[in-house]
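# Chain and residue survey
Here are the chains, one letter per residue:
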Amino acid sequence: MTQNVSSEQTTRNIGGGNSTPVFWGRLSGWGPYHALVRVATASPRRQFLILAAFPILWVLSQHLGPMLQMFRVSLTDAYPVAPGVEQNFTLDNYVRFFGDSIFWMPFFRTLIFAGVFTFCTLLITYPVAYFLARHVSRKNQMLFLLLLLIPFWVGEIVRTYAIMILLGNTGAVNLVLTTFGLVDRPIPFMYTSFSMGVGIVYLTSLYMLLPLYSALEKLPKSMNEAAADLGAGAWTRFRRISLPLTIEGISSGCTLVFLISTGFYATPVLLGGPSTTVFAETIAGFFHVAGDQWPTGAAFATIMFAAALLITAAFQKIMSALRKGDPR
Amino acid sequence: MSKLILNRRRFLHSAAATSAVLASPMYIRRASAQSSGEVNIWTYNDFVPESFQKQFEADTGIKVNIRLVDDQGKQFNLLAAEQPNPTVDIMTVAGHRFLQFIDSQLLAPLDTDRLSNWNNINPTFSESDWATINGNKWGAPILSGMEVLSYNTDFVTQEEAMTWDTLFSEDYRNQTAYIIQDMMSVVMLMMGYDGNMVEYMDDPEKAAQIVEEAKNFLIEHKPLVRKYYDSGAEFQQMMVNQDIVLGHSWNGPAAALINDGFPLGMTIPNEGSYGFVYTYNIANNAPNADNAYKFLDAILASPEIGAAMTKASGFISTYKGADQYLSELERKSTSFPEEQLANLQFFRAEANDLKYSLVDPAVEAIKAA
């Protein structure tokens, strides 16, 4: 119905009949509007600036803005500023991290966990992506992808609780194990690095799967067939053809998963135990504690951010070097 | 069994709703939306009975906006960030944290003359030494809680639960949980020290040495604990899933489990423990201060509302006569034998600056160890 009305209005405007033009028709016939459009689109550079203005504003206000504000807070000695307190700039918050070794353990633990979990996610999702891209018919691929996407329609916390239900002492896994007499008493899966790993791999798998699927889907089947004709076995074909040609997908997926893993907070809190405290929990602690601890939390967050970026850059460099051996 | 619990829950909710509606003061109903506007409240889950809230909104036309909090520190930081123009009118501060909020000029003194129902609060709470600071009252006590040792009665005996030592026993390796920050105070008490640190205000070296001892104790026993947790809901979930059978907790979440029929017991162990009182406070420069006073006066109006708060949260009501409106089980889950109560002392705020400057880094060290 709405569509019919719009078509009718458009027709009337285009036809320029006796009926009164609607808003857009009147606007396009308005002199100042014409002049403005002429000035704004006079050159390709102006067109580019107009098109880029909104994305740039978005990135500045929503992405860079909060991070710059966090960085600014990290250089102060008090935030929020209490009445009668003078705020000064200082590097003490950064010195605190490097001067106190108790903060190093959760910091390095986070980086190691993130690296290990990224590798596990790659190992688990690569065969899934391979199967999906190479062995599922094109018409069924979307359905398959949709099935994989369904758990991601709900939030991180809900999916984390699902893992808790699965791995708890009275959870599904222990229920199966005890019902079939495989164990006498429930295995304490929860609140360990194992439960935390399962949770993080589950939560990040999609970010690995999609780049891998995209890379594998572009891989021409003829290459593998030619290699097979020349006598290459399955492992050799994978090692010499599939793997090198999907290195970009691996690189993108690993980068995404690693960066996301370093920032997880709720999942380690809910699934982790006393020996799995990650740096995000340490940072959060500074924001929870009443007092002038926000600058320290902000400094620690900046350090984590910088470290994650450095590692990612190094990783990209390695992957780039590996790509040089790409048979393409 | 689960069906029974569900039916029982529904019954309790209905009963609580009916009680609270009946308990609503007549003047609120007569007001019939004469006033309007809103009141913004930061509080813990279940601290404002839903039925009371609906009735208050219907009778006064004041919309109640609740933002849930789970930590005193977060509340402090949020409020500090918003001053001098806060969005909140009423917040929920524990009595032993008053000083910090007052020193930062975040709270307005409470004008008890504007609360006709002030006398409905048990004077044990409203007239305690911590309740009056600089000659002013700063909050209306609503619920009282304590640090207890909770145990699954199918696995742990009450005798075992009469000492904090059981929490660190090999017998319950990987079946225990506690909040580290709170346990620091309890461990200091276990070791025979003043967990409030008031005794060491003039001797910072001694204070540092005591915190170091408590920290080392918790690090040494770290392999035995299953989980360091933060919220009452986490504790309840671990107990229900039988991930733990023994743990330090606040009495509120434990009592809520008992009222749901879970085989849980709780004690104030022989070494002692700490109690605290939650209060409703009015923020400095509150945007809707008049509505805040109306809300406070309404919620203090009758012991049935206090009982409804206890039923929902599990914490002990500070209202006179609230226990008359509790069932036998609810009364049992919110009361302790006299000999155990004798082991209880309240958290104090005088040495908080000294205490938390030492305890906070110790907590980080324990987590990192």
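The rules behind the values
- Residues numbered from 1 in each chain as written.
- Chains lettered and ligands numbered in written order.
- Predicted model: local features only at pLDDT ≥ 70, side-chain atom pairs only at ≥ 80, totals over all residues.
- Helix = DSSP H or I, 4+ residues; strand = E, 2+ residues; numbered from the N terminus.
- Rg over C-alpha atoms; globule rule 2.2 N^0.38 Å.
- Buried ≥ 20, exposed ≤ 12 C-beta atoms within 10 Å, placed from the backbone.
- Contact = placed C-beta atoms within 7 Å.
- Expected span 1.5 Å × (residues − 1).
- Arc of directions from axis to C-beta.
- Pairing = 2+ DSSP bridges.
- Core = buried A, V, L, I, M, F, W, Y, C linked by C-beta atoms within 7 Å.
- Domains from an automatic or database assignment.
- Nonpolar A, V, L, I, M, F, W, Y, C, P; charged D, E, K, R; others polar.
- Axes fitted to C-alpha atoms, helices over the stretch in contact; angles between N-to-C directions.
- Parallel < 35°, antiparallel > 145°, perpendicular 65-115°, else oblique.
- Left-handed = near helix turned anticlockwise from the far one by under 90°.

### A few points about the overall build of chain B
- If you tally the helices and strands in chain B, you get 15 helices and 13 strands.
- A compact globule built from 369 residues should have a C-alpha radius of gyration of about 21 Å, and chain B, at 21 Å, falls within 12% of that.
- For the C-alpha atoms alone, the extent of chain B along its principal axes is close to 60 × 55 × 35 Å.
- Looking at chain B as a whole, 52% of its 369 residues qualify as buried.
- By sequence separation, contacts in chain B at least 24 residues apart represent 80% of the contacts at least 6 residues apart.

### Some points on the overall build of chain A
- Check the secondary structure of chain A and you find 16 helices and zero strands.
- Over its C-alpha trace chain A gives a radius of gyration of 28 Å, far above what one expects of a compact globule, namely 20 Å for 328 residues.
- If you line up chain A on its principal axes, its C-alpha atoms span 85 × 80 × 45 Å.
- Partitioning the intrachain contacts of chain A with sequence separation of at least 6 by distance along the chain shows that 69% fall at a separation of at least 24.

### Regarding helix 8 (residues 156–167) of chain A
Residues and elements named next belong to chain A.
- Helix length check: helix 8 (twelve residues) gives 17 Å between terminal C-alpha atoms against 16 Å at 1.5 Å per residue, within 8%.
- Those residues of helix 8 that fall on the buried side of the exposure criterion are Thr-160, Ile-163, Met-164 and Leu-167. Each buried residue of helix 8 sits inside an arc of 100 degrees when the element is viewed along its axis, so together they form one side. In helix 8, the exposed positions angled more than 90 degrees off the buried face are occupied by Val-158 and Ile-165.

### Observations concerning the pairing of strand 1 (residues 37–43) of chain B
- In this structure, strand 1 of chain B lies alongside strand 2 (residues 62–68) of chain B, joined through seven bridges in parallel fashion. The partner of Ile-41 of chain B across the bridge, within strand 2 of chain B, is Ile-66 of chain B.

### Topic: the nonpolar core
Residue and element names in this part refer to chain B.
- Counting residues in hydrophobic clusters, the biggest one holds 111 residues, and the most contacted among them are Ile-90, Ile-180 and Met-184.
- Tallying contributions element by element places helix 7 (residues 180–190) first for this core, with eight residues.
- Two domains each donate at least three residues to this core, and these are domain 1 (2–144 + 276–330) and domain 2 (146–274 + 333–368).
- In contact with Ile-180, not counting residues within four places along its chain, are Leu-218, Tyr-228, Val-363, Ile-366 and Lys-367.

### Things to note about the environment of Asn-259 of chain B
All names here are of chain B.
- Its place among the elements puts Asn-259 in helix 10 (residues 251–259).
- Spatially, the C-alpha atom of Asn-259 lies 24 Å from that of Thr-92, the residues being 167 residues apart in sequence.
- For Asn-259, the residues in contact, after removing those within four places along its chain, are Gly-314, Leu-329, Glu-330 and Ser-333.

### Some words on the domain arrangement of chain B
Residue and element names in this part refer to chain B.
- Here chain B is described as being made up of domain 1 (2–144 + 276–330) and domain 2 (146–274 + 333–368).
- Put simply, the middle of domain 1 and the middle of domain 2, counted by C-alpha atoms, are 27 Å apart.
- Listed per partner, the contact involves 19 residues of domain 1 and 18 residues of domain 2.
- The set of elements that each furnish at least two residues to the side of domain 1 that touches domain 2 consists of helix 1 (2–23), helix 5 (98–103), helix 12 (303–313) and helix 13 (328–333).
- For the side of domain 1 that touches domain 2, the per-class residue count stands at nine nonpolar, five polar and five charged.

### A short note on the domain arrangement of chain A
- What the domain assignment lists for chain A is domain 1 (2–40) and domain 2 (100–323).
- Just the C-alpha atoms count here: the centres of domain 1 of chain A and domain 2 of chain A sit 52 Å apart.

### Looking at the packing of helix 6 (residues 104–135) of chain A against helix 10 (residues 193–217) of chain A
All names here are of chain A.
- Remark: helix 6 packs on helix 10, axes separated minimally by 7 Å, with the N-to-C direction vectors making an angle of 45 degrees. Here helix 6 lies oblique to helix 10, going by the angle between them. Considering how the two elements wind past one another, helix 6 and helix 10 form a crossing that is right-handed.
- The residue makeup of the contact of helix 6 with helix 10, split by class, is 17 nonpolar, five polar and two charged.

### Overview of helix 15 (residues 352–368) of chain B
- Over its 17 residues, helix 15 of chain B extends 23 Å from the first C-alpha to the last, a length consistent with the 24 Å expected when each residue adds 1.5 Å.
- Buried within helix 15 of chain B we find Asn-352, Lys-355, Tyr-356, Leu-358, Val-359, Asp-360, Ala-362, Val-363, Glu-364, Ile-366 and Lys-367 of chain B.
- Looking at the buried side of helix 15 of chain B, the elements it contacts are helix 15 (279–288) of chain A together with helix 5, helix 7, helix 8 (204–220) and strand 8 (227–228) of chain B.

### Section: the interface of chain B and chain A
- Contacts between the two partners involve 25 residues from chain B and, on the opposite side, 23 residues from chain A.
- Secondary-structure elements contributing two or more residues to the side of chain B that touches chain A are helix 4 (72–82), strand 8 and helix 15 of chain B.

### Considerations on the packing of helix 6 of chain A against helix 15 of chain A
All names here are of chain A.
- Between helix 6 and helix 15, the least distance of the axes is 7 Å, while the angle of their chain directions is 135 degrees. The angle between the axes of helix 6 and helix 15 places the two elements in the oblique class. Along its contact with helix 6, which presents Pro-106, Phe-107 and Thr-110, the element helix 15 presents Phe-279, Glu-281 and Thr-282.
- Of the residues belonging to the contact of helix 6 with helix 15, the class tally is three nonpolar, two polar and one charged.

### Some thoughts on the environment of Val-148 of chain B
- Looking at the element boundaries, Val-148 of chain B is found in strand 6 (residues 140–152).
- Sequence separation of Val-148 of chain B and Asn-291 of chain B is 143 residues, and the distance between their C-alpha atoms is 36 Å.

### Thoughts on unusual backbone geometry
Residues and elements named next belong to chain B.
- Note that the residue after Gln-83, namely Pro-84, is joined by a cis bond; omega there is 10 degrees.
- On the secondary structure map, Pro-84 appears in the loop between helix 4 and strand 3 (90–94).
- Residue Met-197 is not a glycine yet carries a positive backbone phi of 65 degrees.
- Looking at the element boundaries, Met-197 is found in the loop between helix 7 and helix 8.
- Notably, Asn-285 is not glycine yet its phi reads approximately 60 degrees, a positive angle.
- Looking at where Asn-285 falls in the secondary structure, it is placed in the loop between strand 11 (273–282) and helix 11 (289–299).
- Asn-285 gets classed as partly exposed once you count the C-beta atoms within 10 Å, which come to 15.

### Thoughts on the pairing of strand 9 (residues 246–250) of chain B
Residue and element names in this part refer to chain B.
- Within strand 9, five of the five residues are buried, which leaves it mostly tucked inside the rest of the structure.
- Here strand 9 shows a buried face lined by Leu-246, His-248 and Trp-250 and a second buried face lined by Gly-247 and Ser-249.
- Sheet topology note: the strand 6/strand 9 ladder contains five bridges and is antiparallel. Within strand 9, the residue paired with Tyr-151 across the bridge is Leu-246.
- Summarising the sheet, strand 7 (residues 176–178) and strand 9 pair through two bridges and their orientation is parallel. Each residue of the ladder has a partner; that of Ala-177, found in strand 9, is Gly-247.

### Regarding the environment of Ile-165 of chain A
Residues and elements named next belong to chain A.
- Structurally, Ile-165 is set in helix 8.
- Under the C-beta neighbour-count criterion, Ile-165 is labelled exposed, with 12 such atoms within 10 Å.
- Note: C-alpha distance between Ile-165 and Val-22 (143 residues apart in sequence) is 58 Å.

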